[in-house]
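If you want the building blocks of each chain, they are given just below.
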Amino acid sequence: MIRPSPLLRAFSPVLPMLRAMHAADMRFLVAGARAGILHGHRRRTLDFDFCVAPDVDALDLLLDLLDAHGFRSLDVLDAEQFSQGVNARFAGAVHLDFLVHPAGFEFAAAWSRHETVEIGGVPVHFVGLEDLLAMKRAAGRAKDLGDIEALEELRRVAKLPRGRRSRAAGSR
């Protein structure tokens, strides 16, 4: 029996929404713990974090797409408020958080370094590792500090020569 990839399992609840965002040519980046999966670190989380550009027209379209897919806003906002940096939370089958101006992050620069992975036939854009680490450092919460430690260890182990890699991974 073939098991679905960790990314497909993690993203299956939001694939219809991601498909709609992709079809609308929206620029978005997966961030937070879900982006950690791409970089090799899995941690339980209850929501999906996305960074979006502060473009009022695109955010207005995003609000329409969220509504069409059954997500209701947990914050009172319109696209103009949203573009000014109000982080927006939405509830539906799962919780979605959209971040416009998160600490330690600039969308255009991060977009130029993003990584794209096809999940269930949908191109999904992720923040690169360095941007993810910068965001987590800026957030500074205990769970983010734990993520930083794990992601940096994975990066360190990946840089080891092949023969030393297995010993380092087995010494934990």
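Read on for an overview of the structure. As the structure is a prediction and not an experimental result, all values here were calculated from the model. (Residues numbered from 1 in each chain as written. Predicted model: local features only at pLDDT ≥ 70, side-chain atom pairs only at ≥ 80, totals over all residues. Heavy atoms only, no water.)

Each helix and strand counted, the protein has nine helices and seven strands in total. The C-alpha atoms of the protein give a radius of gyration of 17 Å, which matches the 16 Å a tight globule of 172 residues would have. If you line up the protein on its principal axes, its C-alpha atoms span 55 × 40 × 25 Å. When burial is assessed residue by residue, the protein has 43% of its 172 residues classed as buried. (Helix = DSSP H or I, 4+ residues; strand = E, 2+ residues; numbered from the N terminus. Rg over C-alpha atoms; globule rule 2.2 N^0.38 Å. Buried < 20%, exposed > 50% of the residue type's maximum accessible area, 1.4 Å probe, protein only.)

Further remarks concern the pairing of strand E7 (residues 122-126). Extensive coverage of E7 is indicated by the burial of four of its five residues. In the sheet, strand E6 (residues 115-119) pairs with E7 via five bridges, with the strands oriented antiparallel. Along E7, the bridge assignment pairs Val 117 with Val 124. The turn linking E6 back onto E7 is made up of two residues, and Gly 120 within it adopts a positive phi angle of 55 degrees. (Pairing = 2+ DSSP bridges.)

This part is about the packing of helix H2 (residues 15-23) against helix H4 (residues 56-68). As a packed pair, H2 and H4 sit with axes 10 Å apart at the nearest point and diverge in direction by 145 degrees. Here H2 and H4 pass one another in a crossing that is right-handed. Residues Met 17, Ala 20 and Met 21 of H2 form the contact with H4, whose participating residues are Leu 62, Leu 65 and Leu 66. (Axes fitted to C-alpha atoms, helices over the stretch in contact; angles between N-to-C directions. Left-handed = near helix turned anticlockwise from the far one by under 90°. Contact = heavy atoms within 4.5 Å.)

A separate point is H4. Compared with an ideal rise of 1.5 Å per residue, which puts 13 residues at 18 Å, H4 spans 18 Å between its outermost C-alpha atoms and is within 8% of the ideal. Of all the residues in H4, the buried ones are Leu 59, Leu 62, Leu 63, Leu 65 and Leu 66. Burial along H4 is one-sided: seen end-on, the buried residues are contained in an arc of 165 degrees. In this structure, H4 carries Asp 57, Asp 67 and Ala 68 as exposed residues pointing more than 90 degrees from its buried face. On the buried face of H4, the contacting elements are H2, strand E2 (47-52), helix H5 (79-83), strand E4 (88-91) and strand E5 (95-99). Where H4 ends, the next residue or the one after it, Gly 70, has phi of about 80 degrees, a positive value. (Expected span 1.5 Å × (residues − 1). Arc of directions from axis to C-beta.)

Here we take up a negative patch on the surface. A cluster of acidic side chains, namely Asp 55, Asp 57, Asp 60, Asp 64, Asp 67, Asp 78 and Glu 80, defines a negative patch on the protein surface. For the negative patch, the element with the highest residue contribution is H4, accounting for four residues. On the secondary structure map, Asp 67 appears in helix H4. Here Asp 67 falls in the exposed class, since its relative accessible area comes to 59%. (Patch = residues over 30% accessible without salt bridge, like charges linked within 9 Å, V, L, I, M, F, W, Y side chains within 5 Å. Areas by Shrake-Rupley, 256 points an atom, 1.4 Å probe, with all protein chains shown as cover. Salt bridge = Lys/Arg side-chain N within 4 Å of Asp/Glu carboxyl O. Lys, Arg positive; Asp, Glu negative; His and termini not counted. Charge placed at Lys NZ, Arg CZ, Asp CG, Glu CD.)

Next up on the list: the side chain of Arg 34. When you line up the elements, Arg 34 lands in helix H3 (residues 32-38). Salt bridges are absent for the buried Arg 34, whose nearest opposite-charge side chain, Asp 47, sits at 5.8 Å. There is a polar contact of 3.1 Å between the side chain of Arg 34 and the backbone oxygen of Ala 10. Of the polar contacts made by the side chain of Arg 34, one reaches the backbone oxygen of Thr 45; its length is 3.4 Å. Excluding its chain neighbours within four sequence positions, the residues that come into contact with Arg 34 are Ala 10, Phe 11, Thr 45, Leu 46, Asp 47, Phe 48 and Phe 126. (Polar contact = N/O pair within 3.5 Å; in protein donor to acceptor, adjacent residues only side chain to side chain.)

Looking at where Asp 75 falls in the secondary structure, it is placed in the loop between strand E3 (72-73) and H5. Judged by relative accessible area, Asp 75 falls into the buried class, the value being 18%. There is a polar contact of 2.6 Å between the side chain of Asp 75 and the backbone nitrogen of Arg 89. What Asp 75 contacts, discounting residues up to four positions off in sequence, is Asn 87, Ala 88 and Arg 89.

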